[in-house]
Amino acid sequence: MTSKSLKEFNTFGVDVNAKAFIEIDSIARLKEEITKGISKPYFVLGGGSNILFTKDYEGTVLKNNVKEFTILRENKKMVHLAVGAGNDWHETVMKCVEKGWGGIENLSLIPGSVGAAPIQNIGAYGCELEQVLLAVSYINLETGEEHKIGRDDCQFGYRDSIFKNELKGKAFIYRVELKLNKEPKLNTKYGDIKAKLKDFGVKEPSIADVSRAIIEIRQSKLPDPKELGNSGSFFKNPVVSRQQFREVQASYDGEVRHFKVPDGIKIPAGWLIEQAGLKGKKYGNTGMHAKQALVLVNYGGATGTELIETAKEVQKQVFDTFGIMLEMEVNVW
Ligand code: EPU
């Protein structure tokens, strides 16, 4: 098997090679490969929007290209959908918005594939995938067995699921089932969304209006990976205890931006990075984006190692300033 460049398959645009690359467009195809024996190590690649390669991959990349869009059940109020993991997430959102099915419009323009969505429990503007997800089907790559697990067994958390823990590296997700609403309840409580809808002059917004507002908000802050290599938020927003928050606040001159969440106090990582003076600062061909400090950017030709060095420098400086260690959201290989 010949090696293959992964440059087109990761949104950072990092040029590394994989020793072997197999495109999987059906479960039957995957089972065939498992029976033949997939040479190890291996990993499943979706849209490549949440991964940073720091070196060549000395194994097999299984590119998930399983496509499907099936209505399993439908009535006046809701639709129960099965979507193939290899579909593009945003295209899927657009399809649903066009049909008037609500529930994922706040997740418009999130890069990546449908199969990656539950791994991360993607979320934005007050909506998380777990709110609409019914089940995930996957093949255990070690045994070749098919499984289907319901939402409650996915162990969803903030940007977290069973697929990042117990099933890490073992599951080939091929199908995601969603329950969408034909009488959608809109979530427009984020200030940015309200302001956009006002700009549009819309008083009674539809899900298409909300989707359009979110697309515009994201486009104004987040760089398009086709133009500037990036993977969205590079770090998670840290959640600290009340005590730790008081300490951070006491040693900071001014008000520390924060939000109360059930398990503590969330401090936006973008804010921390900006206050540490790193917003828009460049390190060679890398740096934190000038419009959203949480986004690590490849300005052209940067290697994965250079990007990770910058990420570590950011972690160090934020730690030195605030005593908070940022955790990477992106998978580093
Ligand atoms: N902020 C700054 N400076 C910055 C960036 C942000 O001060 O450079 C402040 C903002 O003013 C705001 C707060 O931080 O008060 C939060 O910013 P924003 O609403 O832009 O969202 P975020 O917390 O930085 C999270 C998600 C995004 C998601 C947005 C919108 C994470 C790690 N990121 O970002 O998700 O789109 O909320 O809901 O939770 C992604 O995961 O790739 C992603 C883009």
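Everything discussed here concerns the structure shown above.
Residues numbered from 1 in each chain as written. Predicted model: local features only at pLDDT ≥ 70, side-chain atom pairs only at ≥ 80, totals over all residues. Heavy atoms only, no water.

Bringing the overall build of the protein into the picture now. Looking only at helices and strands, the protein has eight helices and 20 strands in total. In terms of overall size, the protein behaves like a compact globule, its C-alpha atoms giving a radius of gyration of 20 Å where 333 residues would be expected to give roughly 20 Å. With the principal axes as the frame, the protein shows a C-alpha extent of 60 × 50 × 35 Å. Counting across all 333 residues of the protein, residues that qualify as buried make up 49%. Long-range contacts, defined as pairs at least 24 residues apart, comprise 61% of the intrachain contacts of the protein with a sequence gap of at least 6. Total accessible area on the protein is roughly 16200 Å²; 47% of this is exposed by carbon and sulfur atoms. If the 46 positive side-chain charges of the protein are averaged to one point and the 43 negative ones to another, these points end up 3 Å apart. (Helix = DSSP H or I, 4+ residues; strand = E, 2+ residues; numbered from the N terminus. Rg over C-alpha atoms; globule rule 2.2 N^0.38 Å. Buried < 20%, exposed > 50% of the residue type's maximum accessible area, 1.4 Å probe, protein only. Contact = heavy atoms within 4.5 Å. Areas by Shrake-Rupley, 256 points an atom, 1.4 Å probe, with all protein chains shown as cover. Lys, Arg positive; Asp, Glu negative; His and termini not counted. Charge placed at Lys NZ, Arg CZ, Asp CG, Glu CD.)

Glancing now at a negative patch on the surface. Together, Glu8, Asp15, Asp56 and Glu58 give the surface a local cluster of negative charge. Here Asp56 is to be found in the loop between β4 (51–52) and β5 (57–64). Given a relative accessible area of 39%, Asp56 falls into the partly exposed group. (Patch = residues over 30% accessible without salt bridge, like charges linked within 9 Å, V, L, I, M, F, W, Y side chains within 5 Å. Salt bridge = Lys/Arg side-chain N within 4 Å of Asp/Glu carboxyl O.)

Taken as a whole and judged by the stated rule, the model has 12 salt bridges. The shortest N-O distance in the salt bridge between Lys148 and Glu177 comes to 2.9 Å. Here Lys148 is found in strand β11 (residues 146–150), whereas its partner Glu177 is found in strand β12 (residues 171–181), with 29 residues between them in sequence. On the accessibility criterion, Lys148 (54% relative accessible area) is exposed. Residue Arg159 pairs with Glu329 through a salt bridge whose shortest N-O separation is 3.5 Å. Of the two residues, Arg159 sits in the loop between β11 and β12 while Glu329 sits in the loop between α8 (304–322) and β20 (331–332), which places them 170 residues apart along the sequence. Each member of the pair, Arg159 as well as Glu329, carries the same accessibility label: buried.

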